[in-house]
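Here are the chains, one letter per residue:
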Amino acid sequence: PPTVPPTPPPLPYDCNAGVANWMAGWSDAKKAWCCAHGGQGCTTPTTSLPYDCNAGFNNWQAGWSDGKKNWCCTHAARGCAPVSPPKMCTLWGDPHVIS
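Below: a short report on this structure. (Residues numbered from 1 in each chain as written. Predicted model: local features only at pLDDT ≥ 70, side-chain atom pairs only at ≥ 80, totals over all residues. Heavy atoms only, no water.)

**Side note on helix α2 (residues 28-38)**
Put simply, the rule is: A simple rule labels every residue: compare its accessible area, found with a 1.4 Å probe on the protein chains alone, to the largest value its type can have, and call it buried under 20%, exposed over 50%, or partly exposed in between. Put simply, DSSP marks the helices as runs of H or I at least four residues long and the strands as runs of E at least two long, and each gets a number from the N terminus on. Residues count as neighbours in contact if any of their non-hydrogen atoms are within 4.5 Å of one another.
Buried within α2 are the following residues: Lys30, Lys31, Trp33 and Cys34. Against the buried residues of α2 lie α1 (22-25). Within two residues after α2, Gly39 carries a phi angle of roughly 70°, on the positive side.

**Some remarks on the packing of aromatic side chains**
The condition is simple: Any pair of Phe, Tyr and Trp rings, taking the six-membered ring for Trp, is counted once the centres come within 6.5 Å. Such a pair is stacked with planes under 30 degrees apart, edge-to-face with planes over 60 apart, and tilted for the rest. To sit over a ring, a charge needs its Lys NZ or Arg CZ within 6 Å of the ring centre and within 35 degrees of the ring normal.
Under the definition given, this model contains five aromatic pairs. Over the face of the ring belonging to Phe57 we find Arg78, whose NZ or CZ atom lies 3.5 Å from the ring centre.

**Some words on the state of the cysteines**
Which entries qualify depends on this criterion: The rule for a disulfide is simple: a pair of cysteine sulfur atoms within 2.5 Å.
Per the counting criterion, the structure on display carries four disulfides. The disulfide bridge from Cys15 ends at Cys34, spanning 2.0 Å between sulfur atoms. One quick way to see it: the torsion about the S-S bond of Cys15 and Cys34 is about -90°, and its sign makes the bridge left-handed. Residue Cys15 is located in the segment before α1, and its partner Cys34 is located in helix α2; the two are separated by 19 residues in the primary sequence. The disulfide that involves Cys73 links it to Cys80, with 2.1 Å between the sulfurs. Its S-S torsion of approximately 110° makes the covalent link between Cys73 and Cys80 right-handed.

**Topic: unusual backbone geometry**
Although it is not a glycine, Ala77 adopts a positive phi angle of roughly 55°. Within the fold, Ala77 resides in the loop between α4 (66-76) and β1 (87-89).

**Describing α4**
Every buried residue of α4 is listed here: Lys68, Lys69, Trp71 and Cys72. Contacts from the buried residues of α4 go to α3 (60-63). Two residues or fewer after α4 comes Ala77, characterised by a positive phi angle close to 55°.

What follows is the structure in structure tokens.
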């Protein structure tokens, strides 16, 4: 007769139960287990951001790549090119913007 494999032991936690309120509703042990075994309940992000917008900020204009400048400007409002005020012409007492 064919052999039936033994039934595996039950999982210690159901990571789908209470996932909508995991921060307040799960124990630390459940958070750790579910984070390690399914990527849920992780207290730190499991993916890293493409750039650290604080690193090298004191010298961002010369030290950052264009990609980092664009990403940090869009996502963290850091490293954005300064906006120059419009040039004004006041010749003959008629101020207007020079384009």
